[in-house]
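# Geometric and topological summary
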Amino acid sequence: KDLKLTLERAEEKKVATEGLIQQMAIKREDAKVQQEAAQVEAAKANEESEKANTIEIQAEEELSEAKPAMEAAGSAVDCLSKNMLSELKNLGKPPSGVDKVTNACLILVEKEYTAKKQTWARAKVMMQNVDAFKSKLSAFRGEDITEEEVSMLQKYVSDPDFTPEKMASKSAAAANLCTWVVNIYNFNRIYVRVKPLMDSLEAARRSKADALARLEEAEAKVACVEAILVELGQKLDQAVAEKQEVEEQASALKVKADLAKRLVGGLSSEKVRWGEEIEKLGRRSMTLMGDCMLASGFVSYLGAFDQELREELWKKQWMEDLAHRQIAFTEGHSPLDLLSDNNSNARMISDGFPSDRISLENGAIVANCKRWPLIIDPQGQGIKWLKRKEEGNLDVVQVTQTNWLKTVENAVRNGRCVIIENVGSEIDASLGPVLSRSIFKRGRSLYLKLGEEEIEYDAAFQLYLQTNLSNPHFRPEVAAQCTIINFIATEGGLEEQLLAKVVELERKDLEDRLSSLAQAAIEHQIQLVGLEDDLLERLANAPDDILGDAPLIEGLETTKKTAKEIEQAVEAGRAAQNEVKQARELYRPQAAEGAMLYFLLTKLSAIDHMYQYSLDSFMTFFEKSIARATRRDDDIGAHVTCLRESLRMTIFTWVSRGLFERHKLIFLAQLAFSLMRRGMITASAEGCVGVGDRTSSSWNEEHFQFLTRGPTKIGEANPLSWLPNSAWEAISALCDLEDFGRLKTDLIEASPRFKEWFDSTTPESEKLPLDWASLDKEPLKKMLVVRCLRPDRLIVALTSFIRTSLPAGSSYVDCDSTLNSIEILEQCLLDSTSKTPIYFILSPGANVVADLDVMAAKYGLEKGVSYHNVSMGQGQDTVAMACLESARRNGHWVILNNVHLMPTWLVELEKKLDEYAAEGSHDKFRIFLTSDPSRTIPIGILSRCIKITNEPPSGLKANLKRAWCFFTKDEVEQMDSKTKSILFGLCYFHSIMMERKTFGPMGFNMKYPFSIGDLRDSAKCLQNYMDNSTGGKIPWEDLRYIFGEIMYGGHIVNDYDRLVAQEYLNFYMKEELLDETEMYPFSQDNYSGTGGNAKRRLGGAGSGGGGGGIGSGSSETPSFLSPIPTSFDKYVHHIDTAMTEDTPIAFGLHPNAEIGFRTQQSNSPFRALMGLQPKTNGSCVGNSSSSSSSISNPQKIAEVVSNDILDRFGDKHFDTEELMRSFDEQGPYQNVLVQEMEIMNSLLTEIRRSIKELQLGFAGELTTSETMEELMTCLYLDKVPTTWLFWPSVRPLGSWIGNVSDRLAQLEEWGDAQGELPKVTWISGLASPNSFLEAIRQVQAQRQGIPLNELSLHFEVAKSTDEAPREGAFIGGLYLEGARLDDKNMLASSKPKEMYVKLPTLLVKAVAGRMRGGVYHAPLYLNKERGAGFVCEIQLPTKDPPARWCTAGVAAICDQV
């Protein structure tokens, strides 16, 4: 009905509109006539206007001539000053001509036409009032001059003397008045000429005005007609609008009817879904509080933890606590569900963010946290995402840059985003107000005090902090001010990235398809969410008449249609994705191993700071490994195996080239053991590749932990005389492991057979006795036995184990062994790019620049032109930057030497390298950096570089050859024969000094920086002496002094090390050197002491089994003779042929020294391996404080050990005050006892305090500090905590605890005897043996009344200890290293494998003077580390020269493990 009425009204409106249209046509005709009349009048008016304009222009031109004259007259008046006029009028008689000027002024101004009255007096009256006179001149009108006045002025104006110039010489005022008269006259003459023209102009203007009036009248008539037309037009428009409105109303009613039908249909299908959503929201409202608590706690506290700890906290502890408190939360949901949604996650992933869960959690924390995010991001993934996220409004700074705080200040003012990257554990205090948001309001603005200045704070300011440290220790206030977020890449997340990369390179079609499907799914999800959100928003904001919102109903239909299409597309995509994922899964073993390898690399920095590797660099070599792999298109499984082998070798080669030799085996072992732990290879002797589920049933973590930790167990006494106590204690610990329970029993029962194996040259390759021979099939288990019985062969055993267990193991062990340094550099150059520098980690004696010079010449580069060598130092940073800028543009090479000397500048270099990488450089541009190992090198530089270590060959032979070849052939050939021989001896001495440090404390007490420079300077002194000797007697004493006390001795600070150097020089620098002479000191004596079994090789980590053990074959005495003086080349040949193998005998050491060297060489890698293992698992196997053999974590082990220690020492304490009261007389010995008891009390107090503090930390009652963490680690690793070391000790914790118990027992026994000395004092059990020895001197000095400084200690073997000595005291517990005492108590060579010999009880007396002759003054040290632990000298009788024992490093040791 409404529609029908509306249509009738529309028809009526149509008729009325047509009538208005006809009426408008009549009015338009009338308006046309009026417009034509108006046009005629307009033409007339235009014509009159043109005439008037023409006359006006002409008049203006004429008048323009008069204008300058008038202006000149005005200027002349202005120039008249009061003084000038006063001067003029005060003249009694005017100068000639001036009167003419005043007469002219009288005519014009005063209208004085009578000539007689035109006098000077009259003129003075005219000028009487100067101001009035000037006003008259200014107001005078040139137009008003009459013709009579003109005729009167004619005679003056025409007078040639009537000019301003001539008047100026007479009077300045007269000159100005003359100017005024002339110009006012000229103006009048022009005006008179123009006046008729002005009259004509006035008449023309009146005619123009009349014409315009007529035109206005005509236009008014036209306007009237047009107004009528406008009015009719408005009525017509109104009628048309009313008509259209009615028609639209009709149309809208039709649309509404249709929309109502569509709305009802559309909403009916949404009813079910919306009902479910409402029900879901209702449930969520009940759990919202619990969910929000979880989410807020997650953001606030869990960002710093890894995924395992995060889930442990929120999923277990927090949820259980909420359930216990009856706070509802959504079951099955995580905090990420509340903090983010699929849309946000999809956007992060599309921005390049990793898609693993922990990365998405990190992104959600960044988006929701209210404190400033502080991200732990050693791989750089987080900061890359932040830079993309904040691009366009971002400043990136480091605190080491200049003006970094100014950048932050500007960002705070202007509301910009700042990323402070690469912060350390200590954050600059200047940032305190920013971190704490110390914002205050002043007026309407916010302010922040930064430094000493208050700056305006923009609320849009955003701050991010990033650190490259993988395990930073921030202060508690930093954790309170910032939200710490752990962005360290997870192995699972990296595995997915590597899987995508390998599939992209191997099967690009699959990866492209998966990417497109994933992108389509993301877009569909985003589109659907957007449509639903838009629809719900429209429904929420719909008007009262919902049918009036057509887009709402159309959106509903679009949403339904799109939802169906998306559902179909999602189903199809899901099926396709499953298909693609199945194909991709075939490559997962490659990605899994790649992720494992990368995380192995990241741990290497724990060994040395220089070992830093970025994820980008790893990805580069990951791609290279795929390109280098052998293709097997016929068998995908075999092809993936080839990919894994190529990856393994490529990564190992890349990394090992940047590792020091001593660390390569550590990395290789870590690689092999990690592969075995995951079941990727087996631990059998055959060593095949596994294809399992990354777990290995054959892997025994307990055995591996024993191998790395090497624990010992103090138990029953060692019954085997041939077996060292340390080996027995290790075997005792091994017997606690499954499968080894009977080993100790079998060892005793089959002692001869085990001794034969023990004495073998290569026990690792020999079968064990009895059933233990089957361990050859289980090499890991056999290594445990080698670890216990022959630790000196452990490195060789490990190397052999890797060769057999790791596929192609020999390729890894012998990696690059056939390449020289130049060939390695050439291969590294092929791997480098303009963005990837090559970093040489320097070693003493290496010459990397020479290698680089060779390669530069090969590539056609010219020094100083296209190949720049810069030695860094003060002021060289500018030079380096200039070279880099030029080189990157022109494709040059730049080598920056010794960059560690400028650590601050390296931060600038790092930023510059980032800039080059972003902007691009010439393809041939290369950067080379060299430095010593240094912790000041930025991680960002190290991680991007290809690192190369170029260590010189080790060993005496290599050092001797390098020392000799340091001198040029020409230099040597020019020397005389004597100088050649002495130079050769000097080179040998240099090599001995360089290599002796290999034997650790037995070699030198300290490490000294001997270098080729010492040899060079010594050779110069030698040459000078020989040149001055003129063939006379050689000054051997002078040479020995210069070499031993100045050149090399200048480095030596330890007296006994200096003595060793002197004895070497005494042996070498003598007349016999000029002919053939033995260069091995006391070789016959040292060799004979081994029973003819001393010749063997000092091998490195990679040396095989050959020729390495005590008891090997040849009966020939090791020897090396200095050659008869000859040519340079023959000296080199002699070194190559005569010195066949390195042996300790070459140093004057006993062959047993090699055992100590090899044992130390074995312990170091395994200590490093132990430090590289994750601390989540551990073993207390063999720990002397616990017999448990179950795998446990460090905290549980530490708890067990700490409880055992408290049980043992908990109530121990000495009452020293009570003891001192019981003394009849308190002498030196009693003072020593009290001192020792007080030291022990302090130790026990510290042990109890630290353990109880740690236990409170375990219970959660104290915050765990770094000190507590260190204590827990020490208890786990069986190490003595540093805070417990009240005396130097190298014992493991278990042995140390037993040693402390023994010390306690001695002190208790000593105290019970009221301070009386025990029969034999266990001097090794005293914290300060020096105090006891000093007490012996003090007692003797008191008895004999001798000054203390005149007494010295004398040691001799006690004949009997049945009765206390009349003088001095008996001491025991000392050991001799490097020698033994024979049946006559004389020094003799050690027996094979006899590392330490227990000295018999010694009688120590204080005597006047020092024993001389027939004795060796052996230094006594607290432990085998020697060095600073020196106690005193003890006298040991000897038939041999003391120099033999000095060069052999013979010393007495208090505490031998």
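Refer to the structure presented above.
Throughout what follows, the structure given in this document is the object of discussion. Note that this is a predicted model, so its numbers are computed, not measured.

## With respect to the overall build of the chain
The secondary structure content of the chain amounts to 51 helices and 28 strands. When the 1457 residues of the chain are sorted by exposure, 49% land in the buried category. Looking at the chain alone, contacts between residues at least 24 apart form 74% of all its contacts between residues at least 6 apart. When the accessible surface of the chain is totalled, it reaches about 67900 Å², and 50% of it is carbon and sulfur.

## A few points about the packing of helix α38 (residues 977-995) against helix α39 (residues 1012-1029)
Packing of α38 against α39 leaves a shortest axis separation of 10 Å and a crossing angle of 155°. When the axis of α38 is compared with that of α39, the two are roughly antiparallel. Viewed along their axes, α38 and α39 form a crossing whose handedness is right-handed. Where α38 abuts α39, its residues Lys978, Thr979, Ile982, Leu983, Leu986, Cys987 and His990 lie against Ile1012, Leu1015, Ser1018, Ala1019, Leu1022, Gln1023 and Met1026. Here the contact of α38 with α39 is composed, by residue class, of nine nonpolar, four polar and one charged.

## A closer look at the sheet that holds strand β11 (residues 893-897)
Where strands meet in a sheet, backbone hydrogen bonds hold them as pairs that are either parallel or antiparallel. Read across the open sheet, the five strands follow the order β10-β11-β12-β9-β13; overall the sheet is parallel. Every other strand in the sheet has two partners, leaving β10 (867-871) and β13 (946-949) as the edge strands with one partner each. In this sheet, adjacent strand axes meet at a mean angle of 15° when their direction is disregarded. Pairing of β10 with β11 involves five bridges; the strand directions are parallel. Among the inter-strand pairings, Ser871 is bridged to a residue of β11, identified as Asn897.

## Some points on the packing of helix α47 (residues 1228-1258) against helix α50 (residues 1329-1344)
Their axes nearest at 8 Å, the elements α47 and α50 cross at an angle of 160°. One element, α47, and the other, α50, form an angle in the roughly antiparallel class. Once α47 is placed against α50, the crossing between them reads as right-handed. When α47 is examined against α50, the residues Pro1228, Tyr1229, Val1232 and Gln1235 are found in contact with a partner set consisting of Ser1331, Phe1332, Ala1335, Ile1336, Gln1338, Val1339 and Gln1342. Tallied by class, the residues present in the contact of α47 with α50 amount to seven nonpolar, four polar and no charged.

Parameters and conventions
- Residues numbered from 1 in each chain as written.
- Predicted model: local features only at pLDDT ≥ 70, side-chain atom pairs only at ≥ 80, totals over all residues.
- Heavy atoms only, no water.
- Helix = DSSP H or I, 4+ residues; strand = E, 2+ residues; numbered from the N terminus.
- Buried < 20%, exposed > 50% of the residue type's maximum accessible area, 1.4 Å probe, protein only.
- Contact = heavy atoms within 4.5 Å.
- Areas by Shrake-Rupley, 256 points an atom, 1.4 Å probe, with all protein chains shown as cover.
- Axes fitted to C-alpha atoms, helices over the stretch in contact; angles between N-to-C directions.
- Parallel < 35°, antiparallel > 145°, perpendicular 65-115°, else oblique.
- Left-handed = near helix turned anticlockwise from the far one by under 90°.
- Nonpolar A, V, L, I, M, F, W, Y, C, P; charged D, E, K, R; others polar.
- Pairing = 2+ DSSP bridges.

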